[in-house]
Amino acid sequence: MWFIRKSSSPPRAVALVLGPLGVNRSSLDCLADLYDSSCSVVAAASPSLQFMLNQSLKSTARDVLEQASELLNDTPPSTPLVIHLFSNGGCFLLQEIEVLWSENPMLAERLKLGYQFFDSCPCYIRAAWDFDKLSQS
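Cut-offs used in this document
- Residues numbered from 1 in each chain as written.
- Predicted model: local features only at pLDDT ≥ 70, side-chain atom pairs only at ≥ 80, totals over all residues.
- Heavy atoms only, no water.
- Axes fitted to C-alpha atoms, helices over the stretch in contact; angles between N-to-C directions.
- Helix = DSSP H or I, 4+ residues; strand = E, 2+ residues; numbered from the N terminus.
- Parallel < 35°, antiparallel > 145°, perpendicular 65-115°, else oblique.
- Left-handed = near helix turned anticlockwise from the far one by under 90°.
- Contact = heavy atoms within 4.5 Å.
- Nonpolar A, V, L, I, M, F, W, Y, C, P; charged D, E, K, R; others polar.
- Buried < 20%, exposed > 50% of the residue type's maximum accessible area, 1.4 Å probe, protein only.
- Arc of directions from axis to C-beta.

Peer 1: Could you give an account of the packing of helix 3 (residues 58–73) against helix 4 (residues 87–100), naming the residues involved and the relevant values?
Peer 2: Following both chains from N to C, one finds helix 3 and helix 4 inclined at 65 degrees, their axes separated by 9 Å at the closest point. By the angle class used here, helix 3 and helix 4 are roughly perpendicular. In the packing of helix 3 onto helix 4, the handedness of the crossing is right-handed. Of the residues in helix 4, those touching helix 3 at Lys58, Thr60, Ala61, Arg62, Val64 and Leu65 are Leu93, Glu96, Ile97, Val99 and Leu100. Of the residues in the contact of helix 3 with helix 4, the class split is seven nonpolar, one polar and three charged.

Peer 1: How would you sum up helix 5 (residues 105–113)? Please name residues and give values.
Peer 2: Turning to helix 5, its buried residues are Leu107, Arg110 and Leu111. Mapping the buried residues of helix 5 onto a view down its axis gives an arc of 105 degrees, with all of them on the same face. Facing away from the buried surface of helix 5 by more than 90 degrees, the exposed residues are Pro105 and Lys112. Buried residues belonging to helix 5 abut helix 3, strand 4 (81–86) and strand 5 (115–119).

Now the structure itself:
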């Protein structure tokens, strides 16, 4: 699932908002609303079924990057790319996105002007068998 919210004027930034695993459209809308109307937003979530079946998230990552690229093509070269990701679902999608950077160098250049914001910590701690590492987490 992904959608675009385009700024009515030239955006101050283009934000990729990568929601947590299992996020619904309403919650993803709320996360995208963290960026006001002066920013363009591509909001996306890892498809839960694909994740659970251990299938590639590459198609979703490619769609998100294509949309971000289209939004950035219409902006001055000084417009930054911001990546704001939530929990494991956002991190899994970011992992695929980072593999695809080489297909569009402009995105990597624009990210140098922006930032990545990790909102909530992804982890795999399971108390049943990771108890000795619990204090380190």
